[in-house]
Amino acid sequence: MTSLSKSRRSGGPRTAEGKIAASQNSLKTGAYSNQEVLPGENLQELLELEQFFIEDFSPKGVTESALVHDLTVLAWKKLRLERLEYRRLRDKLNEPLDYFEAESIGFSIPTQAQSYFDDPSLIAECDLSLASEQLKHSKKLKSAKFVITALEQMHAESLSTFLKIKRKIEDLGATVSTAKNMVDCKYSDSTETTPLQDVTNNVIAECEAIVWALKHYDQILLAKQKVRDKRLVSALGFEKGRRAGDDLDRFFFRTLGELRKQQEWRYRRDAIVMAEQAPPVLEDQKAK
């Protein structure tokens, strides 16, 4: 038989870092960990689970008690693995849409509307009439080249749009109390645009995203489900977790078989002892 030379044999990790990493391998899924309760788990739940096994099997002696404990730990690790797989699937399904997924759903999503696709529940908080109003007046201000008369007209016709733009300028650190202050406001580094221009463009983008999301709500839900279905199919290939689950099932039923054999042996032993301890039947009693 051909043997490998020492230079070709792994022999396991050699560095201290490698040995530490190898020692943590069993903690990746928690299925093979020697620690019964990992950080974040509830010891009381494990004890309650063990009590259920004790009530089911009524173990007698050290051997049966140890086997029941082993069954409890294996069942606990199985539950741990199921919780891990659930969290993994949940996180995978809720991940933001990536470029290739966006290509597959059949329609483009405006950059500002990405959050509404990722979490459609946000759409319920949107007001179409308000967004349409603010979009209309923001575009009018932009078309008018941000002159003070256009901003004053906005103040008169759509106070909500005016206040929204004013508040966004103040969020940049400026103090603006009038339309003139808003028009005259400049960046300290003298960039090509002004805060009023940038904020107005931002409001336009936000309102366009809201209008788009509200008008495409049904399509968003269908596309969202389509993406989730594809992710779920892909995530079901969690082979390592599946193999670990199969191993735990195998260990569980093997231990269960050993416990049953142990209990059957005890029942037979107890029956023999009881028979030996029974008083002898006298001949005259037999005749009767």
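Here the structure is shown first, and the text comes after it.
Cut-off values and rules
- Residues numbered from 1 in each chain as written.
- Predicted model: local features only at pLDDT ≥ 70, side-chain atom pairs only at ≥ 80, totals over all residues.
- Heavy atoms only, no water.
- Helix = DSSP H or I, 4+ residues; strand = E, 2+ residues; numbered from the N terminus.
- Buried < 20%, exposed > 50% of the residue type's maximum accessible area, 1.4 Å probe, protein only.
- Contact = heavy atoms within 4.5 Å.
- Areas by Shrake-Rupley, 256 points an atom, 1.4 Å probe, with all protein chains shown as cover.
- Phe/Tyr/Trp six-rings, centres within 6.5 Å; stacked < 30°, edge-to-face > 60°.
- Expected span 1.5 Å × (residues − 1).
- Arc of directions from axis to C-beta.
- Polar contact = N/O pair within 3.5 Å; in protein donor to acceptor, adjacent residues only side chain to side chain.
- Salt bridge = Lys/Arg side-chain N within 4 Å of Asp/Glu carboxyl O.

1. A short note on the overall build of the protein
And step 1. Broken down by element type, the protein carries 13 helices and 0 strands.
And step 2. Beginning at the N terminus, the succession of helices and strands in the protein can be written as α-α-α-α-α-α-α-α-α-α-α-α-α.
And step 3. In the protein, buried positions account for 31% of the 288 residues.
And step 4. Across the protein, the fraction of contacts at a sequence separation of at least 24, relative to all contacts at a separation of at least 6, is 69%.
And step 5. A total of about 19,300 Å² of accessible surface is found on the protein, and carbon and sulfur atoms cover 54% of it.

2. Points about the packing of aromatic side chains
And step 1. Summed over the entire model, instances satisfying the criterion amount to 3 aromatic pairs.
And step 2. With a centroid separation of 6.4 Å and an interplanar angle of 5°, the aromatic rings of Phe53 and Phe57 are classed as stacked. Of the two residues, Phe53 and Phe57 are both situated in helix α2 (residues 43-57); the distance of 4 residues between them amounts to about one turn of the helix.
And step 3. For Phe57, a relative accessible area of 18% gives the class buried.
And step 4. A ring pair is formed by Phe252 and Phe253, whose centres lie 5.4 Å apart and whose planes are at 85°; its orientation type is edge-to-face.
And step 5. Relative accessible area serves as the criterion here: at 54%, Phe253 is assigned to the exposed category.
And step 6. Every member of this aromatic cluster is reached through a ring pair, and the members are Phe53, Phe57, Phe252 and Phe253.

3. A short note on α2
Note that an α-helix has 3.6 residues per turn; residues three or four places apart therefore point the same way.
And step 1. Helix length check: α2 (15 residues) gives 21 Å between terminal C-alpha atoms against 21 Å at 1.5 Å per residue, within 8%.
And step 2. Among the residues making up α2, those that are buried are Leu46, Leu49, Glu50, Phe53 and Phe57. Along the long axis of α2, the arc covered by the buried residues comes to 100°, so they all point the same way. Away from its buried face by more than 90 degrees, α2 exposes Phe52 and Glu55.
And step 3. Where α2 begins, one side-chain oxygen reaches toward the backbone nitrogen of Gln44, 2.8 Å away; that side chain belongs to Asn42.
And step 4. Looking one or two places after α2, you find Ser58, whose phi comes out positive at around 45°.

4. Quick word on the pattern of salt bridges
And step 1. Applying the stated criterion to the full structure yields 13 salt bridges.
And step 2. A salt bridge links Asp249 to Lys78, with the nearest nitrogen and oxygen atoms 3.5 Å apart. Taken together, the positions of Asp249 in helix α12 (residues 239-277) and Lys78 in helix α3 (residues 61-93) put the pair 171 residues apart, joining distant regions of the chain.
And step 3. Classification of Asp249 by relative accessible area gives partly exposed; the value is 30%.
And step 4. For Lys78, a relative accessible area of 22% puts it in the partly exposed group.
And step 5. The salt bridge involving Glu157 is made with Lys140; its shortest N-O contact spans 3.3 Å. A residue pair is termed long-range when its members are at least 10 positions apart, and Glu157 in helix α7 (residues 148-157) and Lys140 in helix α6 (residues 128-143) qualify at 17 residues.
And step 6. Overall, the relative accessible area of 35% leaves Lys140 in the partly exposed class.
And step 7. One salt-bridge network, held together by shared partners, links Glu41, Arg80 and Arg83.

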